[in-house]
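Residue-level structural notes
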Amino acid sequence: MKIGLALGSGGARGIAHLGVLKAIEEYGLKIDYVSGSSMGAFVGAAYAAGSPLSRLEGIALKTTWQFAVKMFMPSFSKSGIVAGKRISEYLYEVIGVRTFNDLDIPLSIDTTDLETGEKITLTEGDLIQAVRASIAVPLILTPKIIGDKVLVDGGLVSPIPVQTVREMGAKFIIAVDVMASPVKRITEKGNGFINRIKESVKQNTLFQTIAKENDKHNLPNKAPEKSVSIADVLSQTIAIGHTKVAEYQILMEKPDILIKPDIKDYSSYEFHKGKELIDNAYEKTIQLLEQWGLPRQ
């Protein structure tokens, strides 16, 4: 029986896919087809290229928030905040091959046609450009033009590419949902990734001197501000859209196993929390595979 693996979108939460793959390998399950969308396309491409999970996990665990800031340094292109040259170079560094023909496992990557809103599935040609297109979150990363198509984030129309891997020939499908619920507090200024930047500022010598002077003169601390940042609005808007489409996909496309790690407390920008994401997904996957009564290798 041909087994297909559908890896969904979710930004940094997509690192959890590595925990799922780790558990699947421990059970000795042979994956015949892989489909990926957005971050799932990135992880799926690296896995399909034959890169050892230990290597991919090592890369994830070494990723700091400073590195993430560097990768997403604004370039203010007319079609997005980040042009993505560094990101494309990093994709190749991690994946290790350039074309679909170089892969060990057949792979399909879902993207979205920005002009028509249709799902565009890529299965041949330049692998790095295909992944780059699938992770192109609108307004953040610039779109990728492939052929005559302007392509962006596959998660917009196919956050969990179940049907895509079924069309490849899979008869038994394992789907991984790493989307977080859009229900979260967004009114505290400086949530998540922004707090990490603030912590860096606090290490600055000048900042520490000013803070000491405030303490010396007993100056009152300013009450926490309440507001909603542009980043919050954008991330929540995307989360709501992706989540609703994902719910519909699961309902209509019915994977045989749905793995949904408990990662609601992680944002799509927290690339520095790889260990927590991987461990959580690994434990969840082991539990599900045990429920199925599958023998562990």
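In short, a report on the structure. Keep in mind that what you see is a predicted model, and the values were worked out from it rather than measured.

With seven of eight residues buried, helix α6 (residues 127-134) lies mostly within the body of the structure. Residues of α6 that are buried include every one of L127, I128, A130, V131, R132, A133 and S134, and no others. Among the residues of α6, the N-terminal cap falls to D126, whose side-chain oxygen and the backbone nitrogen of I128 are separated by 3.0 Å.

It is at 11 Å that the axes of helix α3 (residues 53-62) and helix α5 (residues 85-95) come closest, and there the two elements cross at 145°. On α5, the residues touching R55, L56 and I59 of α3 are Y90, E93 and V94. Class assignment for the residues of the contact of α3 with α5 results in four nonpolar, no polar and two charged.

With that settled, consider the packing of helix α1 (residues 17-26) against helix α11 (residues 274-291). Packed helix pairs are characterised by how far apart their axes lie and by the angle those axes make with each other. Look at α1 against α11: their axes get within 7 Å of each other, and the N-to-C directions meet at 40°. Of the possible angle classes, the one that applies to α1 and α11 is oblique. Crossing of α1 over α11 shows right-handed handedness. Contact residues: α1 offers L18, G19, V20, K22, A23, I24 and E26, while α11 offers I278, A281, Y282, T285, I286 and L289. The class makeup of the residues in the contact of α1 with α11 is nine nonpolar, two polar and two charged.

Here the focus is the environment of L53. Mapped onto the fold, L53 is located in helix α3. Classification of L53 as buried rests on a relative accessible area of 10%. Along the primary structure L53 and L21 are separated by 32 residues, whereas in three dimensions their C-alpha atoms are 7.7 Å apart. Once residues within four sequence positions are removed from consideration, L53 is found in contact with L18, L21, K22, E25 and Y47.

A word on unusual backbone geometry. With a phi angle near 55°, S38 is a residue other than glycine that sits in the positive phi range. With respect to the helices and strands, the residue S38 is situated in the loop between β2 (33-37) and α2 (39-48). Note on S38: relative accessible area 6%, which makes it buried. For K254, which is not a glycine, the phi torsion comes out positive at approximately 45°. Here K254 lies in the loop between α10 (230-253) and β10 (257-259).

With that out of the way, let us pick up the environment of A49. On the secondary structure map, A49 appears in the loop between α2 and α3. Among the residues examined, A49 registers a relative accessible area of 16% and is labelled buried.

Below, the discussion takes up a nonpolar patch on the surface. There is a patch of nonpolar side chains on the surface, built from Y248, L251 and M252 and spanning about 360 Å² of accessible area. Summarising the element assignment, L251 is placed in helix α10.

Any two side chains of opposite charge can pair, on the condition that their charged atoms come close. Scanning the model with the defined rule gives six salt bridges in all. Across the pair K30 and D32 runs a salt bridge whose closest N-O atoms are separated by 2.7 Å. Judged by its relative accessible area of 11%, D32 falls in the buried class. The shortest N-O distance in the salt bridge between D279 and K275 comes to 2.9 Å. Of this pair, D279 and K275 both sit in helix α11, four residues apart, which is roughly one turn of the helix. Classification of D279 by relative accessible area gives partly exposed; the value is 25%. According to the relative accessible area criterion, K275 is exposed, its value standing at 52%.

On to the pairing of β2. Among the five residues of β2, five are classified as buried, and the element is accordingly described as predominantly covered. The side-chain alternation of β2 yields two buried faces, one formed by Y33, S35 and S37 and the other by V34 and G36. In terms of strand pairing, strand β1 (residues 3-7) meets β2 through four bridges, oriented parallel. Note that in β2 the partner of G4 across the bridge is Y33. Where β2 meets strand β4 (residues 107-113), four bridges bridge the pair, whose relative direction is parallel. Of the residues in β4, the one forming a bridge with G36 is I109.

Conventions used here
Residues numbered from 1 in each chain as written. Predicted model: local features only at pLDDT ≥ 70, side-chain atom pairs only at ≥ 80, totals over all residues. Heavy atoms only, no water. Buried < 20%, exposed > 50% of the residue type's maximum accessible area, 1.4 Å probe, protein only. Helix = DSSP H or I, 4+ residues; strand = E, 2+ residues; numbered from the N terminus. Polar contact = N/O pair within 3.5 Å; in protein donor to acceptor, adjacent residues only side chain to side chain. Axes fitted to C-alpha atoms, helices over the stretch in contact; angles between N-to-C directions. Contact = heavy atoms within 4.5 Å. Nonpolar A, V, L, I, M, F, W, Y, C, P; charged D, E, K, R; others polar. Parallel < 35°, antiparallel > 145°, perpendicular 65-115°, else oblique. Left-handed = near helix turned anticlockwise from the far one by under 90°. Patch = residues over 30% accessible without salt bridge, like charges linked within 9 Å, V, L, I, M, F, W, Y side chains within 5 Å. Areas by Shrake-Rupley, 256 points an atom, 1.4 Å probe, with all protein chains shown as cover. Salt bridge = Lys/Arg side-chain N within 4 Å of Asp/Glu carboxyl O. Pairing = 2+ DSSP bridges.

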